[in-house]
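Given next are the chains, with one letter for each unit.
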Amino acid sequence: MGFLYTVVVYIHVLSAVASVGPLFLLFPIISRVRKAVLSEEAILLSLFKWTIRFVMHSGHVLVVSGVILILIGPWPWYTSWVIVTLGIMMLSIVFLASGFSVVLNRFPKEPENREELLKKLMNTSWRYIGLLLIMLYLMVAKPSFW
């Protein structure tokens, strides 16, 4: 496990940070949307969407580097923590796609439900952070489930 493995681990860790870190920017954005006038709301929601896209693309790097680590590293695919991590990752992909996009698309159509939509964005953000932190725990602790 030489230099290549070390480089891929470094890329994997950086992409994990890039996948989780920007999510904490969503909370101040949500707070600003609550107080924003209509002209500012569109800009803030655009920033929110950009942040989600950044997290999503960082997740792509995370997945690819994780696959490479499994291929060249000491852990086989059938290791319990790898299987559980992959299962949670599939849940998070579905959750990210449906949790944020649906709510963000409702904003221009339902201005009267603004507070409800902001509450959903807040809850979705915390849930997604929770899923990512569970995956982070699994990748770091590598627990044995079976």
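Caption draft 1: Expanded view of the confidence of the model for the protein chain. Confidence in the prediction for the protein chain averages 88 pLDDT; 99% of positions are at 70 or higher. The least confident element of the protein chain is helix α5 (residues 101–106), whose mean pLDDT is 83; the most confident is helix α1 (residues 3–20), at 93.

Caption draft 2: Spotlight on the environment of V13. Within the element layout of this structure, V13 appears in helix α1. A relative accessible area of 47% places V13 in the partly exposed class. Separated by 123 residues in sequence, V13 and L136 have C-alpha atoms that sit 9.6 Å apart.

Caption draft 3: Looking closely at the packing of aromatic side chains. Using the criterion set out here, one finds seven aromatic pairs in the structure. Aromatic ring contacts, followed pair by pair, group F24, F27 and W126 into a single cluster. For K142, the ring lying beneath its charged end belongs to W75, and the centroid distance is 4.7 Å.

Caption draft 4: Inspection of the layout of surface pockets at higher detail. Counted as a void, the largest pocket has a volume near 960 Å³. Put simply, the parts of the chain that give the lining of the largest pocket at least two residues each are α1, α3 (38–72), α4 (80–99), α5 and α6 (114–141). Tallying contributions element by element places α3 first for the lining of the largest pocket, with 13 residues. Considering only residue class, the lining of the largest pocket consists of 30 nonpolar, nine polar and three charged.

Caption draft 5: A look at the nonpolar core. With 30 residues, the main nonpolar core has L23, F48, F100, F107 and L121 as its most contacted residues. Counting residues per element, the ones that place at least two in this core are α2 (26–35), α3, α4, α5 and α6. Tallying contributions element by element places α6 first for this core, with ten residues. Contact partners of F107, with chain neighbours within four places excluded, come to V33, E41, L45, R114, L117, L118 and L121.

Rules behind the numbers
Residues numbered from 1 in each chain as written. Predicted model: local features only at pLDDT ≥ 70, side-chain atom pairs only at ≥ 80, totals over all residues. Heavy atoms only, no water. pLDDT = per-residue confidence, 0-100. Helix = DSSP H or I, 4+ residues; strand = E, 2+ residues; numbered from the N terminus. Buried < 20%, exposed > 50% of the residue type's maximum accessible area, 1.4 Å probe, protein only. Phe/Tyr/Trp six-rings, centres within 6.5 Å; stacked < 30°, edge-to-face > 60°. Lys NZ or Arg CZ within 6 Å of the ring centre and 35° of its normal. 1 Å grid on protein atoms, 1.4 Å probe; cavity = no way out; pocket = protein on both sides within 12 Å on 5 of 7 lines; lining within 4 Å. Points joined across faces, edges and corners; volume = space filled by probe spheres on them. Nonpolar A, V, L, I, M, F, W, Y, C, P; charged D, E, K, R; others polar. Core = buried A, V, L, I, M, F, W, Y, C linked by side-chain atoms within 4.5 Å. Contact = heavy atoms within 4.5 Å.

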